[in-house]
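Per-entry structural report
Below, each chain spelled out in residue letters.
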Amino acid sequence: MRTGAAAENQGAAWRRPRLIHMKHPVLIFLLLFALALPARAQDAFTAGLTGLGTGFNQTAESVDRLGASGDPRALPLLRALNDGRLLRRADGALLIRDGAGATDALTGAAADATGAEVVRLNNRVRVALRGALGRLQLVSPDPAERQAAAEAVFRSRSAENVPLLDTALARETVPAIRARIALALAASRLMANDPENKLLGVTALGATASPEARAVLLEARATNPAIAAQIEEAVAAIDQRLAVRRAAETLFQGLSLGSVLLLAALGLAVTFGVMGVINMAHGEFVMLGAYTTFIVQEALRGIPMLQPWSLPLAVPAAFLVTAACGAAMERGLIRHLYGRPLETLLMTFGVGMMIQQSVRLAFGAQNREIISPAWMQGTLMLPGDIAVTQNRLWILVFSLVILGLTVAAIRFTRFGLEMRAVTQKRAIASSMGIRTGRVDALTFAFGSGIAGIAGVALSQIDNVSPNLGTGYIIDSFLVVVFGGVGSLAGTLVGAFGLGTINKILEPWAGAVLAKVFVLVAAMLFIQRKPRGLFAQKGRAADA
Amino acid sequence: MSLAMSPIAADARLRLGLRAGLAIFVLLLGIMPLLNLLPVTNPLHVSDFLVSITGKWICYAILALSLDLAWGYAGILSLGHGAFFALGGYAMGMHLMRMIGPRGVYGHPVLPDFMVFLGYQELPWYWLGFGSFPFAMLMVVLVPGALALIVGFLSFRSRITGVYLSILTQAMTFALMLAFFRNDMGFGGNNGFTDFKELLGFALNTSGARAGLFYASLIALVLSFLICLRLTRSKYGRVLTAIRDAESRVRFLGYNTTSHKLFAFVLSAMLAGVAGALYVPQVGIINPGEFSPANSIEAVIWVAVGGRGTLVGAVLGAFTVNGLKTWLTSAAPDLWLFVLGGLFVAVTLFLPKGLIGLIKGRGR
């Protein structure tokens, strides 16, 4: 960190700029040289070669010149020098050793390497090489290399890089790298000696939303009292943008957690909310869905054509598997306990325990790996540098689609109509010829199937292990009760509400305490409004 | 023979039989630590392991009794009774930590090891007073009681019943578990409390102290049983049972159902706290795992297996299920969770009145 003494020194230097110049004659030379660069790049390259291998100082100077040239041809040459593969023949020709043979550094033609000597390095040359390579990489044909170079130049910011960065910026086409180069350029301008250049840098940095730019500005504020006001302004502008970005990212994280909760709770909203059956094995159905994803993935390993489709194919598979389990459970067990919710709770908990243990014995207790398809990996940059992870974005979209499908199934299908009829008045529905037992089984299977689909999505962001579902069951019930039992809209609002509140609390309370707060808040809310946000009114409320 | 008897007489006889069985059972438990003193070669010798594990089961039986009072008599299916048990245990644990004194690894005269390790300078305010045994014992009942009072008051007043209350209590214990896992709560985080040295001046690792704790637990069990018996046979108990069966009707008859339920719930939480406090010195450790929702729901199944709504049943269930657990987890560890899960299913579907119901069915 800069101390006060250093700041004073810098202040003195500001008043007497010539001091710096006299300390670094090479630097001024380079600066002047680089300013004239764009027009004379070709000449600079050939001219730069001359001193190589004639002595350490000459080599170092020539490396500096090559670095300043900004010519891409200098890159392989300096790399060869760095690796000890650059040779100088007695006649002055420079060769690059390439395995057994050698090529002429200037023409690239094969050349005779007899009698050639390796150009030797000392520390001064190495330092020069490092700088030159860094600068030259800015114009490298490889985007990753340019990106790395921009980072390096940003870290070692100095005024002499300004012209170089200017040319690199003009040439650059990849937006992400352009942004990095622009940042490095602005930071380098800040190190320049003339106030106009400095102010240009401050303005450019102030226009970004980067914490790094903020740090650079704060550092510069100590050494540049003359433009402190402008720097303050720029920092404030960055802070504001950062705050907006942070808010946007928190919102996304909240929505993402909300989508996870929504997926986990949606099945419950059907079985508990619509049917009134409390299924503590719901979490285990989610877990079964995740394991179905794993099985589908393993089964498709042998078929290269279908392999990329394993995840989409797992969705119907998981639905069918868990729906079948749900139907079996409803017909075999739950049916006998209708009207006794507490017993249903205990019984389903026991079933969940057995499912979990079966999976543990069959697949082992360790986590199973699910491979994410390429289109779900990586991070998406939204405008304003808001980072959004692809898999979470997909899950958000997926959860809304599943919600839409669930609503549609209940509203617009024959099955949904029968389901609502049975929920509203079983005896009348039965007398109208609806087979209520069958509808019960199908409804429960439907809710369980949604749990399985949730498992497919959760397999992308959570560990697939036998106790995957345990973590979601309490949250899911709170979401359903919070939103209002029997209301899918309530489940939607409840899930996204609890998710967002949780993520908003996290930065200042920590992840665990935030969760505790949300649990307590949800509990208190339920005390105030026992029927949830979207309370059902009328006769259904007393059921 | 039973044909000649009226059903009421048969019922009374059965009740007498159960009581006699319980008395014999308590007597048998009472002589266990004495039999432990016999030489190993004696066929009546009882091993250390059996004595210590029976001591644990006695604590579980108190927990089962307390849960039965809430669920079996008041109809409050609490899935968070493990939290009250753990809070009582933590209160006792705090006292035991203070009793370690300077014998900890770091040798600090006042602060427990984990606080020295975490850089505490002095005891947090909520640790003050736990050096005194009577204060700690007061906290053993007051802390769980206060939590039950708050949660119960808010819930019963809002008329939250049935599964909603169950989920709420489960969320309560889950939230407490997460909170106690945090290091900066001042309760030892993940590791909880352990390495206890002494209680009331007795070193905990002696067989004398073990026997003492065993008897203390046994006395607590008998006392809890008598309190619950007295309570459930009283007019208050009748009203409580009526609330369980038809809360609205009892309310319309002019009873304040909220306060009736609240009293039962708070008393039940206090009993659970006592059970936890007796449990901790016997097992020598308390950590946030005790708050896990699975523990609470396991306690529910003890009561369900024994027969809810009967005090003998709760005790019987606690001993039966835990005996089964101890045997199976060593004989066939993979099988235990199937058996436990199967118990949940079998009891709810086929044996709603539990083992006691089975015995009564035979008695008729």
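Up top is the structure.
The structure displayed is predicted, hence computed values, not measured ones. (Residues numbered from 1 in each chain as written. Chains lettered and ligands numbered in written order. Predicted model: local features only at pLDDT ≥ 70, side-chain atom pairs only at ≥ 80, totals over all residues. Heavy atoms only, no water.)

Looking only at helices and strands, chain A features 23 helices and six strands. Of all 543 residues assigned to chain A, the portion counted as buried reaches 48%. Considering only residue pairs separated by 6 or more positions, chain A has 69% of its internal contacts joining residues 24 or more positions apart. (Helix = DSSP H or I, 4+ residues; strand = E, 2+ residues; numbered from the N terminus. Buried < 20%, exposed > 50% of the residue type's maximum accessible area, 1.4 Å probe, protein only. Contact = heavy atoms within 4.5 Å.)

In terms of helices and strands, chain B carries 14 helices and four strands. Relative to the 2.2 N^0.38 estimate, which gives 21 Å for 364 residues, the radius of gyration of chain B is 21 Å and therefore close to what a compact globule would have. Dimensions of chain B, computed from the C-alpha atoms along their principal axes, are close to 70 × 60 × 40 Å. Looking at the 364 residues of chain B, the share that counts as buried comes to 51%. Restricting the contact set of chain B to residue pairs at least 6 apart, pairs at least 24 apart contribute 76%. As presented, chain B carries roughly 15900 Å² of accessible surface, and 68% of it is formed by carbon and sulfur atoms. (Rg over C-alpha atoms; globule rule 2.2 N^0.38 Å. Areas by Shrake-Rupley, 256 points an atom, 1.4 Å probe, with all protein chains shown as cover.)

Put simply, an interface is often sized by how much accessible area is lost when its parts join up. Taken together, the contact between chain A and chain B spans 39 residues of the former and 39 residues of the latter. Of the roughly 3600 Å² buried between chain A and chain B, counting both surfaces, carbon and sulfur atoms make up 81%. On the chain A side of the interface with chain B, the three residues burying the most area are A:Leu346, A:Ile474 and A:Gln527, jointly 19% of the side's total. Note that B:Arg308 is salt-bridged to A:Glu343, the shortest N-O span being 2.7 Å. (Buried area = accessible area lost by both parts, 1.4 Å probe. Salt bridge = Lys/Arg side-chain N within 4 Å of Asp/Glu carboxyl O.)

Residue and element names in this part refer to chain A. Where strand S1 (residues 86-88) meets strand S2 (residues 94-98), three bridges bridge the pair, whose relative direction is antiparallel. Opposite Leu 86, over in S2, you have Ile 96 as the bridge partner. Here S1 folds back onto S2 in antiparallel fashion, the turn holding five residues, of which Gly 92 has a positive phi close to 95°. Here S2 runs beside strand S3 (residues 101-104); their pairing, made up of four bridges, is antiparallel. What sits directly across from Arg 97, in S3, is Ala 102. Count of turn residues in the S2/S3 antiparallel hairpin: two residues, of which Gly 99 carries a positive phi of about 65°. (Pairing = 2+ DSSP bridges.)

On to the sheet that holds S1(A), then. Residues and elements named next belong to chain A. Across the sheet, four strands lie side by side as S3-S2-S1-S4; this open sheet has antiparallel pairing. The outermost strands of the open sheet, each flanked by one partner alone, are S3 and strand S4 (117-118). Pairing geometry for S1 and S4, over two bridges, is antiparallel. Looking across to S4, one finds that Leu 87 is bridged to Val 118.

Once that is clear, we can look at the packing of aromatic side chains. Evaluated as defined, the whole model comprises 29 aromatic pairs over all chains. With a centroid separation of 5.9 Å and 50° between ring planes, the pair formed by A:Phe272 and B:Tyr164 is classed as tilted. In this pair, A:Phe272 is assigned in helix H13 (residues 228-274) and B:Tyr164 in helix H6 (residues 162-181), connecting two distinct chains. Taking the centre distance of 5.7 Å and the plane angle of 75° together, the rings of B:Phe156 and B:Phe265 count as edge-to-face. On the criterion of sequence distance, the pair formed by B:Phe156 in helix H5 (residues 133-157) and B:Phe265 in helix H10 (residues 257-283) is long-range, its members being 109 residues apart. (Phe/Tyr/Trp six-rings, centres within 6.5 Å; stacked < 30°, edge-to-face > 60°.)

Attention now moves to empty space enclosed by the protein. Evaluation of the coordinates by the stated rule reveals two cavities of 30 Å³ or more. Empty space within the largest cavity amounts to approximately 60 Å³. Among the elements of the structure, helix H16 (341-363) of chain A together with helix H13 (333-350) of chain B are those that each provide at least two residues to the lining of the largest cavity. Of the residues contributing to the lining of the largest cavity, the split by class is five nonpolar, one polar and two charged. (1 Å grid on protein atoms, 1.4 Å probe; cavity = no way out; pocket = protein on both sides within 12 Å on 5 of 7 lines; lining within 4 Å. Points joined across faces, edges and corners; volume = space filled by probe spheres on them. Nonpolar A, V, L, I, M, F, W, Y, C, P; charged D, E, K, R; others polar.)

What follows is about the pattern of salt bridges. Tallying each qualifying case throughout the model produces 14 salt bridges over all chains. Put simply, B:Arg251 and B:Glu247 hold a salt bridge, and the shortest N to O gap is 3.6 Å. Highlighted residues: B:Arg251 and B:Glu247, both in helix H9 (residues 247-252), separated by four residues, approximately one helical turn. In this structure, the salt-bridge partner of B:Lys325 is B:Glu298, at a minimum N-O distance of 3.0 Å. Of the two residues, B:Lys325 is situated in helix H12 (residues 311-331) and B:Glu298 in helix H11 (residues 293-306); the sequence distance between them amounts to 27 residues. A residue is classified by how much of its surface remains accessible, and B:Lys325, at 27% relative accessible area, is partly exposed. For B:Glu298, a relative accessible area of 12% translates into the label buried. A network of salt bridges, in which partner residues are shared, links A:Arg340, A:Glu343 and B:Arg308.

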